[in-house]
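Each chain, written out:
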Amino acid sequence: MDSIKDLHQQLVEKKGKITQSMDLHKSFATTPPTPWHLLPTEILSRIFEHCPPEHHYLSPSTEDAPMLLTSICRRWREITVSMSSLWCRLCVEVDHQDWQRKASGYDLWLQRSRGRPLSLVLTYRFYDTIELLNLLQPYKSQISYLRIISDHDPNTAEPLLHDLPALQVLVIRWGAFRFYYSYERDLDKTALARTISGLSTLRSLRVTGGWFRLSSSSPGAVWAHLTGVEIDRCQLNEFLHLLQLAPNLTWLAITLHIQEDVTQRPLEPFTHASLQSLFIQSFTSTIDASYSPLPVLFRALTLPSLCALKVLQSSADWPHDAFKAFLEQSKCPLEYLENKVGAITEEQRAEYVALSPSLKSNLVVLF
């Protein structure tokens, strides 16, 4: 009899545990949604703003935000699509593989920007600018940042640069074009500069990978408003011309290609009051590789606002006397000097620091 009572008690205890487990599962099924789903739309929107990568290269990939956010649930999709700030950056790559489908996706992306300023990266090969023009036409008034990457004739970018009333930053990078096309020397190398001269709202310009020749005939008002410029493959006279055209420049990176002896021709003295950061690279294609534009440049230029200077040259020695004269005439608050030209002795370093005390701990010599 006792054994039967014990067995009954065990069955009662097991029943109790089963009932408790069933009640627990029922409670899971009837609990409200998780806190994540309870977040207000305003909070989710703030979170979504930080999901896309920071750089300018956004593509319509379902593995990255914002496209990834549209695939989670209906509510997330509605919030993401309604946030125009998530659709203001886009990388457009033109190719001939299913272009119509891709163009429709790009167009839908740009529609979701709802008139906000756009930051675009355009990559194309050969003569694909017609497709780009057709795609971008409804949105040209929104483009504030534009980066063009191509390995073909630099002048093919020219049609893309018309009617851009909001453009502030322009970056143009040519790939291996000059290595593949021997007729580069026959190009009109001022055509691109003439078109850029019409971009009255432009504030920053970078052109690398190919020749960029300033047009002296019609400089345009744009140069007077520029605050930053980077130009590759430029002549010495064009560099000086740019300084004259752009009095409001605060930073400038220039690559000089010297094709003649400029050391025997003193330059007219010139003062640029606004320039704060200057990076000069110099390469020579003359028979005498010792030709250097640095001595004549340093003696001619006065840059009273210069804070940072970086110099890289393929040949010749560091022009100590000319640079010392530059510091004396500029009286600039130079804080950083990076020299990749030649050795600077301790005595020379001391002379520079005496003329510009703020340079004491930031003089870097790499050669």
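Residues numbered from 1 in each chain as written. Predicted model: local features only at pLDDT ≥ 70, side-chain atom pairs only at ≥ 80, totals over all residues. Heavy atoms only, no water.

Section: the side chain of His 272
This is how it is decided: Helix numbering and strand numbering both begin at the N terminus, where a helix is a DSSP run of H or I of at least 4 residues and a strand a DSSP run of E of at least 2. Partly exposed residues are those whose accessible area sits between 20% and 50% of the maximum for their type, while under 20% is buried and over 50% is exposed, using a 1.4 Å probe and protein chains only. Within 3.5 Å is the distance limit for a polar contact, defined as a pair of N or O atoms, with the added protein rule that one can donate a hydrogen and the other accept it, and that residues adjacent in sequence qualify only through two side-chain atoms. The contact criterion used is simple: two residues touch if any of their non-hydrogen atoms lie within 4.5 Å.
Assignment of secondary structure puts His 272 in the loop between strand E8 (270-271) and strand E9 (277-284). Of the residues examined, His 272 reaches a relative accessible area of 2% and is grouped as buried. Within the structure, the side chain of His 272 is placed 2.7 Å from the backbone oxygen of Ala 246, a separation counted as a polar contact. Of the polar contacts made by the side chain of His 272, one reaches the backbone nitrogen of Ser 274; its length is 3.4 Å. Beyond its immediate chain neighbours, meaning those up to four positions away, His 272 contacts Leu 243, Ala 246, Pro 247, Asn 248, Leu 249, Thr 302, Leu 303 and Pro 304.

As for the environment of Pro 117
The residue Pro 117 is located in the loop between helix H5 (99-111) and strand E2 (118-124) in this model. Once the C-alpha coordinates of Pro 117 and Ser 85 are considered, the two residues, 32 residues apart in sequence, prove to be 9.1 Å apart. Leave out the neighbours within four places in its chain, and Pro 117 touches Cys 88, Gln 142 and Ser 144.

Points about the pattern of salt bridges
This is how the line gets drawn: By definition, a salt bridge exists where a carboxyl oxygen of Asp or Glu is found within 4 Å of a side-chain nitrogen of Lys or Arg.
Enumeration according to the criterion identifies five salt bridges in this entry. In this structure, the salt-bridge partner of Arg 101 is Asp 98, at a minimum N-O distance of 2.4 Å. Accessibility expressed as a relative area gives 43% for Asp 98, which makes it partly exposed. A salt bridge links Glu 230 to Arg 206, with the shortest nitrogen-to-oxygen separation between them at 2.6 Å.

Here's the deal with H5
Short version of the rule: To estimate how far a helix should reach, multiply one less than its number of residues by 1.5 Å.
Spanning 13 residues, H5 covers 18 Å between terminal C-alpha atoms, matching the ideal 18 Å at 1.5 Å per step. Residues of H5 that are buried make contact with strand E1 (89-93), E2 and helix H6 (129-136).

Focus: the state of the cysteines
Defined as follows: We call a pair of cysteine sulfur atoms a disulfide whenever their separation is within 2.5 Å.
In total, this model carries zero disulfides according to the counting rule given. Here Cys 307 is not cross-linked by a disulfide; its sulfur's nearest cysteine counterpart is in Cys 332, at 7.9 Å. Note on Cys 307: relative accessible area 23%, which makes it partly exposed.

Let's talk about the pairing of strand E5 (residues 204-208)
To keep things clear, this is the line we draw: Two strands form a pair only when DSSP identifies at least two bridges running between them.
Of all five residues in E5, four are buried, a share of seventy percent or more. Bridging between strand E4 (residues 169-174) and E5 involves five bridges; their strand directions are parallel. Bridge assignment links Val 171 to a residue of E5, and that residue is Arg 206. Direction of pairing for E5 relative to strand E6 (residues 228-234): parallel, over a ladder of four bridges. Bridging from a neighbouring strand, Arg 206 pairs with Glu 230 of E6.

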